[in-house]
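Commentary on secondary and tertiary structure
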Amino acid sequence: MEDRFAGMALKRKREMTEARPTMGEIGLNHFAPYLMNRIISRWNANLAEELKQMEMTTAKMRALAILSITPSVTINELSVFAVTEQSTMSRTLDSLEEQGYIRRQPRPEDMRIRDVTITEEGRTIFEKVWPTMYDSLLKMFDGVEEEEYRAFISVLHRILHNIRKHEI
């Protein structure tokens, strides 16, 4: 794609003396949501291919990743953190529980809420998956300096804050 846009993609309302730029004027290479979708779709596809060889899915990997650093979460919280529909997460947890990788227990004070925790077997399998995840991260950020990475993460946090629906 040709890189022609020289204007401002982020014209704030107070700066809009003219009409908003069109998609054609901005172009896909300067439209952040397009780039983010393209990057994360490629990340997920590459990771899914490698995880398949370990008999692991992306949803399972996300759940185990979260549980590996969190003592206990509810299914709702896990769905938010894993960016997965609750119905998909419930099916994923069914499978992980059958494999012995997680445990779901009702909270004593409210039997309707189930806390999800990782088992030792779950930690062991995640430790086998982690190098694949980390190597994919390194490949994705090849040529990006640590300072740039930190600035990028900071911007992502601001964007997430602007659009999130959940407090977590």
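Now for a look at the structure at hand. (Residues numbered from 1 in each chain as written. Predicted model: local features only at pLDDT ≥ 70, side-chain atom pairs only at ≥ 80, totals over all residues. Heavy atoms only, no water.)

1. Observations concerning the overall build of the protein chain
This is how it is decided: The way it works is that DSSP assigns letters per residue, a run of H or I at least four long becomes a helix, a run of E at least two long becomes a strand, and they are numbered from the N terminus. The buried label goes to any residue with under 20% of its type's maximum accessible area, the exposed label to any with over 50%, and the partly exposed label to all in between, with areas taken from a 1.4 Å probe on protein chains only. Note on definitions: a residue-residue contact is assigned when non-hydrogen atoms from the two residues lie within 4.5 Å. Per-residue and other accessible areas follow the Shrake-Rupley method at a 1.4 Å probe size, with only the shown protein chains counted as cover for residues.
Secondary structure summary: the protein chain contains 7 helices and 3 strands in total. When burial is assessed residue by residue, the protein chain has 27% of its 168 residues classed as buried. Relative to all contacts within the protein chain whose residues are 6 or more apart in sequence, the contacts with residues 24 or more apart total 47%. For the protein chain, the exposed area adds up to about 12,400 Å²; of that, 53% sits on carbon and sulfur atoms.

2. A closer look at the side chain of S136
Within the secondary structure, S136 sits in helix α6 (residues 120–140). Residues contacting S136, with those up to four places away along its chain left out, are W43, L47 and E50.

3. What to know about the nonpolar core
Rule in force here: What is meant by a nonpolar core is a set of buried Ala, Val, Leu, Ile, Met, Phe, Trp, Tyr and Cys residues, joined one to another through side-chain atoms within 4.5 Å.
Counting 25 residues, the largest nonpolar core has L64, L78 and L93 as the members making the most contacts within it. Broken down by element, this core gets its largest block of residues, 6 residues, from helix α3 (residues 58–69). Not counting residues within four places of it along the chain, the set of residues in contact with L93 comprises I75, L78, I102, R104 and V116.

4. Observations concerning the sheet that holds strand β1 (residues 73–74)
For clarity, the cut-off: Any two strands are treated as partners once DSSP identifies two or more bridges connecting them.
Strands sit in the order β1-β3-β2 across an open sheet of 3 strands; the sheet is antiparallel. The open sheet has two edge strands with one neighbour each: β1 and β2 (102–107). Here β1 pairs with strand β3 (residues 110–118) via 2 bridges, running antiparallel. Its bridge partner being in β3, T74 is matched across the sheet by D115.

5. Considerations on the packing of aromatic side chains
Worth spelling out the cut-off: In summary, the pairing rule links any two rings of Phe, Tyr or Trp, Trp by its six-membered ring, whose centres are within 6.5 Å, and it sorts them by plane angle into stacked for under 30 degrees, edge-to-face for over 60 and tilted for everything else.
Scanning the model with the defined rule gives 4 aromatic pairs in all. Here W130 and Y134 contribute two aromatic rings whose centre-to-centre distance is 5.6 Å and whose plane-to-plane angle is 40°, an arrangement assigned as tilted. Placement of the pair is W130 and Y134 together in helix α6, with a separation of 4 residues, close to one helical turn. Ring geometry for F141 versus Y149: centroids 4.9 Å apart, planes at 90°, classification edge-to-face. On the basis of relative accessibility, which here comes to 19%, the residue F141 falls in the buried class.

6. Quick word on unusual backbone geometry
Despite not being glycine, E55 shows a phi value in the positive range, around 55°. Of note, E55 is situated in the loop between α2 (32–52) and α3. Taking the relative accessible area as the measure of exposure, E55 reaches 68% and is therefore exposed. A positive phi is found at V83, a non-glycine position, where the angle reads about 55°. Of note, V83 is situated in the loop between α4 (75–82) and α5 (86–98).

7. Quick notes on α2
Applied cut-off: Here, expected helix span is obtained from the residue count minus one, scaled by 1.5 Å. The reported arc concerns the directions from the helix axis to the C-beta atoms and nothing else.
Taking 1.5 Å of rise per residue, 21 residues should cover 30 Å, and α2 covers 30 Å from first to last C-alpha, within 8% of that figure. Among the residues of α2, W43, L47 and L51 are the ones counted as buried. Seen from one end, α2 has its buried residues packed into an arc of 60°, which puts them on one side. With respect to the buried face of α2, the exposed residues turned more than 90 degrees away are R38, E49 and K52. On its buried face, α2 sits against α3 and α6.

Distances and angles like these do not, on their own, reveal function.
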